[in-house]
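# Understanding the architecture of this molecule
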Amino acid sequence: MSGRTMMAVLAEQESGSAARILGAARELVLKRGVKGLTVAEIADRAHVAKGTIYLHWSTREDLLVGLFGRDFLASHDEFAELLTADPDAARPSRLLPLLLQSTVDHPFISALQSEDEDLLGVLTQHPRSAKLLENLGPAALLRVALPVWRRHNLARTDWEFDEQAYALQALLLGFLATAVERRALAIIAVDEPARVIAAAVTALLGPEDPGPGDIRATADAALADLATRRAALLESIGN
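Before going into details, it helps to say that this report is about the structure given with it.

### Thoughts on the nonpolar core
Of all hydrophobic cores here, the largest spans 34 residues; its most connected members are Ile-42, Ile-53 and Phe-68. When contributions to this core are tallied by element, the ones reaching two or more residues are helix H2 (16–32), helix H3 (39–46), helix H5 (60–85), helix H7 (107–114), helix H8 (117–120), helix H9 (127–136) and helix H13 (214–237). The next biggest cluster of nonpolar side chains, apart from the first, holds 27 residues, and it includes Phe-79, Ala-89, Leu-96 and Leu-205.

The following block contains the structure:
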């Protein structure tokens, strides 16, 4: 499918009956979860004929994975807009807290990240759902970001790359588990979690010491990666 065709399909799905179907599916999944949810129920909530859904999506799973993909698309577009307006947001001490908050703010990214079977049922393990998280989730973005940060004086380079990447991923996943699964820390609470996360990232990666042009180059690299991932995402949810 060409890029233009994918965009046309997505645009079609964002208007008219398809938009109502997506809205109805989102309401139902967030209210009661995927288990037992039928195409007929979605059609009834959207006030369309059951067959209308199959004009846009071949199966219930296609519709729901496409719905999940739109959360990733919204998150990616928000980051692209932010980095265009504020390149300094590409610093690790700023980007990591923002990435965590974005995961929390988008319920289907959050549910896939935490493998929330109550909400997503068997779709937590669906190959296309897993591919969304693997290629477009928070940890995937960090795999690309770390080499750029090292290259532009935003992360220490006196640590072997794989070990540093492993530690950064563990830090991210720990904060995600706390934020996404809402695990209360029984003894310790903080008023500004984002500030604590930023401090932890700096402690791990070292002080940020970018030279002239490093921030701009880092933001440009991030925007290029987001554009590539957006194209892959459109391919996934356009089918």
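Read on, since the account is not over.
### Observations concerning the layout of surface pockets
Considering only enclosed or pocket space, the second largest pocket measures out at about 170 Å³ in volume. Contributing to the lining of the second largest pocket are 11 residues, with Lys-131, Asn-135, Ala-232, Leu-233 and Ser-236 lying nearest its centre. When residues of the lining of the second largest pocket are traced back to their parent elements, those giving at least two are H9 and H13. When grouped by side-chain class, the residues that make up the lining of the second largest pocket number four nonpolar, three polar and four charged.

### Thoughts on empty space enclosed by the protein
Applying the stated criterion across every chain yields a total of two cavities of 30 Å³ or more. Roughly 210 Å³ of internal volume is contained in the largest cavity. Together, 15 residues line the largest cavity, and Leu-95, Leu-141, Ala-145, Ala-222 and Asp-225 are the ones closest to its centre. Put simply, the parts of the chain that give the lining of the largest cavity at least two residues each are H5, helix H6 (92–105), helix H10 (138–151) and H13. Size it by volume and the second largest cavity reaches roughly 80 Å³.

Cut-off values and rules
Residue numbers run consecutively from 1 along every chain, following the written order of its sequence. Two thresholds apply to this predicted model, a pLDDT of at least 70 for residue-level local features and 80 or more for giving and counting side-chain atom pairs, whereas whole-chain, interface and lining totals are computed over all residues. Working from all heavy atoms in the structure, the side-chain values ignore hydrogens and water. By convention a nonpolar core is built from buried Ala, Val, Leu, Ile, Met, Phe, Trp, Tyr and Cys residues, the set being connected through side-chain atoms within 4.5 Å. Burial classification: accessible surface area is computed with a 1.4 Å probe over protein chains only, and a residue below 20% of its type maximum counts as buried, one above 50% as exposed, and the rest as partly exposed. Going along the chain from the N terminus, every DSSP run of H or I of four or more residues is numbered as a helix, and every run of E of two or more is numbered as a strand. Here a cavity is any set of points on a 1 Å grid over the protein atoms alone where a 1.4 Å probe fits but cannot get out, and a pocket is any open set with protein on both sides within 12 Å along at least 5 of 7 lines; a residue lines the site when it has an atom within 4 Å of a point. Grid points are joined across faces, edges and corners, and a volume is the space filled by probe spheres set on the points. Amino acids outside the nonpolar list (Ala, Val, Leu, Ile, Met, Phe, Trp, Tyr, Cys, Pro) and the charged list (Asp, Glu, Lys, Arg) are all regarded as polar, and Gly is one of them.

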